[in-house]
Amino acid sequence: MKAIQVKQPGGPEAMELVELPVPQPKAREAVVRLTASGVNFIDVYNREGRYKVPLPFVLGQEGAGTVTAVAADVKSVKPGDRVAWTSVLGSYAEYAALPADRLVPIPAGVTDQQAAAAMLQAMTAHYLAHDSYPLKRDQTALVHAAAGGVGLLLTQMAHNIGARVIATVSTEEKAKLAREAGADEVILYTQADFEVETKRLTSGKGVDVVYDSVGKTTFEKGLNILRPRGMMVLYGGSSGAVPAFDPITLTQKGSLFLTRPSLGHYIATQEELTARSGAVFGMMAAGTLKLRIEHLYPLAEAQRAHRELEGRKTTGKLLLIP
Amino acid sequence: MLPASILQTNTEVFRPGKNAGLRITRIRGLPRENMKAIRVQHTGGPEVMELVDVPLPQPKATEALVQVSVAGVNSIDAQFRDGRLRTPLPFIPGQEGAGVVTALGSRAKMVKVGDRVAWSGTLGSYAEYVAGPEEHLVPVPASITDDQAAAAMMHGLTAHYLVNDAHKLKAGETALVHAAAGGVGLLVVQLAHAIGARVIGTVSSEEKGKVAREAGADEVIVFTHQDFEAEVKRLTGGKGVEVVYDGVGQATFEKNLNVMRLRGMLVLYGMSSGPVPPVDPAKLSEKGSLYMARTTLAHFTATREELIARTSALFRLIAEGRLNVRIAKQYPLAEAAEAHRDLEARKTTGKLLLIPSPNQIRRSLGKS
């Protein structure tokens, strides 16, 4: 089969299209023929060697396809099942051997491409809006990077819950996307101070929750715009990691709450993984959650996909099609 | 907080028979012209608290003057006394108490003369009278004593918001309560137990362990000779607890992060061992998408509605006998320094109270 392999960490050129044997399922595994694999920033980090992965390895942590073979002890899926997964390495390939308990069924109303695109970002948006801080109708949420991959999905979910969404974005074009996704207010942080604007938009009261994947550049101001007892959900650090901070700051700014979640802890059991993916697929099938799949690349053009992702020229999801 | 003008009136160390030189402002309708109070002129040890005669404070427009029957002793008082927390000098310590309204400012309307009230967060309570904002005063029902009300205000309200709001504890959850025989801890244990949660308490001695068990702790860890991290893991089958209630701070912080289940909550509400050093948020992620809060009572009683609702709920629990506010000792107001010494020596279990009128001490003790 064809696969994208990294032999030495490096730039996009470190990704090579290679010919490998089709994997055979080991105990508790299923082999899936891929129809779509998601391209994510974590793939870039793996390619660059920021996270240590034994070399050589097949890149990619997200995909969808059809089961072709299962180990004798696998009961949860069977050949012919359409499935999707996230957080298991090896999906930039025509086939992947995967732990069967990490595969979720794709319902009839959802395409393989939609399923692959949803696994990481939409499940992240789902746990943020429903579990990290269970957002309620009429609450106000500040969503940073609202036109980003997770941001755009989170904005839709928050809007669907009935919350008021204040979105931060970098450009007018992205502001339009955020508004279409349901943002009630959009702040162009390149032109206006989001702390001042959020205070104005909330009449000084502040927001119930801040969803922040930006990190270093937004954290402090985010604490300033939370209402007393509000929640800071810090789920990424695209501008750099938030430095260590004195917890008394949380008291001084109003008995605030902080969490630093990651998806793995919100899909830790097979039950929760299946329930969460089922909820997300349900929203997609019902048309209440729209994914923007804007960029499809043949598997052989993985390098171009990475260059465009890193160049931040893309909005919406990038998929490789084996 | 008392207005500085009151604190800076012409006062003098109280010596019987030597009142000459005191400037006395006559306030119409007030029962007396001056009162006894504990005053701090310079920050320092317990000895800086002096019993003095000062003019009765005069309530401002939206304040009420209260005759203090009981003043609660809290560690925050010691922090103001020794300068860890700052307030303009000289000042009358004490943040908490109960008593009867004796006079009202011109625009006060939430309480009336004769009302039994309790309060917290009003500096100046170590005195026979205190003037404070009327919105801090909460009614005390007939079913509970002034001692109970005063003792419950800071610790009781804190325990109440911890288990109901900072982390809404549910039946079947497991809570780790540090300093489980301490002022707040002992009340958290009772409330958590009443909710139906499993309570693991940490204490410093076997004796305090017994007190925590009596309050409803299911498991007690004597941290002076058991590692609480290892013990909590063992007691929870490696799963960890849903919530940690921590008023200890520095000494327990790191290990707390290792004893919580995935997505567990650490509620920091104090720092008796010192402040927690800076926290790298990434640690919360690594240890299981944890939550932390650093809370203080004022934000959980910020509106009059919430203050009244919370105190009513608390007083009801006390009146129904479901929450036992343990009173360790009563001291005459003049012995405030001794009360602070006892508090700081950590040799008492339960609340310390100052009683401005010696007759009341006899009466209260006679009852128990």
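For chain A, the helix and strand inventory stands at 10 helices and 16 strands. Taken along the three principal axes of its C-alpha coordinates, chain A extends 60 × 40 × 35 Å. In chain A, which comprises 322 residues, the share counted as buried stands at 54%. Restricting the contact set of chain A to residue pairs at least 6 apart, pairs at least 24 apart contribute 67%. As presented, chain A carries roughly 13,100 Å² of accessible surface, and 52% of it is formed by carbon and sulfur atoms.

In this section: the pattern of salt bridges. Residues and elements named next belong to chain A. Under the criterion given, the structure shown has 43 salt bridges over all chains. Here Glu48 ties to Arg50 by a salt bridge, and the two come within 3.1 Å at their closest N and O atoms. Looking at Glu48, the relative accessible area reads 33%, which means it is partly exposed. The salt bridge involving Asp81 is made with Lys78; its shortest N-O contact spans 3.2 Å. A relative accessible area of 53% places Lys78 in the exposed class. A network of salt bridges, in which partner residues are shared, links Arg47, Glu48, Arg50 and Glu310.

Helical geometry note: an α-helix holds 3.6 residues per turn, so side chains three or four residues apart project in the same direction. When the terminal C-alpha atoms of helix 9 (residues 270–286) of chain A are compared, their 24 Å separation across 17 residues agrees well with the 24 Å that a helix rising 1.5 Å per residue should span. Along helix 9 of chain A, the residues classified as buried are Leu273(A), Arg276(A), Ser277(A), Val280(A), Phe281(A), Met283(A) and Met284(A). Looking straight down helix 9 of chain A, one finds its buried side chains confined to an arc of 155 degrees; they lie on one side. Across helix 9 of chain A from its buried face, at more than 90 degrees, point the exposed residues Glu271(A), Ala275(A) and Ala286(A). Where helix 9 of chain A is buried, its residues contact strand 6 (82–86), strand 8 (104–105), helix 2 (112–118), helix 3 (121–132) and helix 4 (149–161) of chain A together with strand 13 (260–268) of chain B. Of the residues flanking the end of helix 9 of chain A, it is Gly287(A), one or two places downstream, whose phi is positive at about 80 degrees.

Moving on, we get to the sheet that holds strand 14 (residues 257–259) of chain A. Pairing is mixed in the open sheet, where 12 strands are placed in the order 11(A)-10(A)-9(A)-12(A)-13(A)-14(A)-14(B)-13(B)-12(B)-9(B)-10(B)-11(B). Each end of this open sheet is capped by a strand with a single partner; those strands are strand 11 (185–188) of chain A together with strand 11 (219–222) of chain B. Strand-to-strand twist of the sheet, defined as the mean angle between neighbouring strand axes without regard to direction, takes the value 15 degrees. One ladder, built from four bridges, connects strand 10 (residues 198–203) of chain B with strand 11 of chain B; its direction is parallel. Bridge pairing links Ile200(B) to Glu219(B) in strand 11 of chain B. On the sheet, helix 3 (residues 146–166) of chain B packs against strand 13 (226–234) and strand 14 of chain A together with strand 12 (241–246) and strand 13 of chain B and is oriented at approximately 145 degrees with respect to strand 13 of chain B.

Residues and elements named next belong to chain A. In space, the three strands of this open sheet follow the order 2-1-4, with antiparallel pairing throughout. Every other strand in the sheet has two partners, leaving strand 2 (15–19) and strand 4 (57–58) as the edge strands with one partner each. Note: strand 1 (residues 2–6) against strand 2, five bridges, orientation antiparallel. The residue bridging Ala3 from the neighbouring strand is Val18, located in strand 2.

Looking now at the packing of aromatic side chains. The description of an aromatic ring pair uses the distance of the two centres, along with the angle that the planes make with each other. Residue and element names in this part refer to chain A. One pass over the structure, following the stated rule, counts six aromatic pairs over all chains. Each ring, one from Tyr127 and one from Tyr266, has its centre 4.1 Å from the other, and the planes form 10 degrees; the classification is stacked. Highlighted residues: Tyr127 in helix 3 and Tyr266 in the loop between strand 14 and helix 9, separated in sequence by 139 residues. Since its relative accessible area comes to 0%, Tyr266 is described here as buried.

Now for the interface of chain A and chain B. Residue-level contacts link 29 residues of chain A with 28 residues of chain B. Buried surface at the junction of chain A and chain B, summed over both partners, amounts to about 2,300 Å²; 59% is from carbon and sulfur atoms. As a salt-bridge pair, Arg229(A) and Glu306(B) come within 2.8 Å of each other at their nearest N and O atoms. Counting the contacts that link chain A with chain B gives 15 residue pairs in polar contact (both at pLDDT 80 or more). Elements that contribute at least two residues to the side of chain A that touches chain B include exactly helix 3, strand 13, helix 8 (248–252), strand 14 and helix 9 of chain A. Tallied by class, residues from the side of chain A that touches chain B come to 16 nonpolar, seven polar and six charged. Pairing of strand 14 of chain A with strand 14 (residues 291–294) of chain B involves three bridges; the strand directions are antiparallel.

The rules behind these values
In this numbering scheme, every chain counts its residues from 1 along its sequence in written order. The lettering of chains begins at A and the numbering of ligands begins at 1, in the order of writing. Whole-chain, interface and lining totals are the exception, using all residues; otherwise, since this is a predicted model, local features are given only for residues with pLDDT of at least 70 and side-chain atom pairs are given and counted only at 80 or more. To obtain the side-chain values, all non-hydrogen atoms of the structure were included, while hydrogens and water were left out. The helix count covers DSSP runs of H or I at least four residues long, the strand count covers runs of E at least two residues long, and both are numbered beginning at the N terminus. Burial status follows relative accessibility: with a 1.4 Å probe on protein chains alone, a residue under 20% of its type maximum counts as buried, one over 50% as exposed, and anything between as partly exposed. A contact between two residues is defined here by any heavy atoms of the two lying within 4.5 Å. Areas reported here follow the Shrake-Rupley algorithm with a probe of radius 1.4 Å; residue values treat only the protein chains shown as occluding. By salt bridge we mean one thing: a side-chain nitrogen of Lys or Arg within 4 Å of a carboxyl oxygen of Asp or Glu. For a helix, the expected span equals 1.5 Å multiplied by the residue count minus one. Throughout, the arc means that of the directions going from the helix axis to the C-beta atoms. Strand pairing follows a simple DSSP-based rule, namely that at least 2 bridges must link the two strands. The convention used is that axes are lines fitted to C-alpha atoms, helices contributing only their stretch in contact, and that angles between N-to-C directions extend from 0 to 180 degrees. Aromatic pairs are defined between Phe, Tyr and Trp rings, using the six-membered ring for Trp, whenever the two ring centres lie within 6.5 Å; interplanar angles under 30 degrees are classed as stacked, those over 60 as edge-to-face, and all others as tilted. As used here, buried area is the combined drop in accessible area, with a 1.4 Å probe, of two parts when they are placed together. Between N or O atoms, a polar contact is any pair within 3.5 Å; within protein, one atom must be a potential hydrogen donor and the other a potential acceptor, and residues adjacent in sequence are included only when both atoms are from side chains. Asp, Glu, Lys and Arg are counted as charged, while Ala, Val, Leu, Ile, Met, Phe, Trp, Tyr, Cys and Pro are counted as nonpolar; the rest, among them Gly, fall into the polar class.

By themselves, these are just geometric observations and shouldn't be taken as functional.
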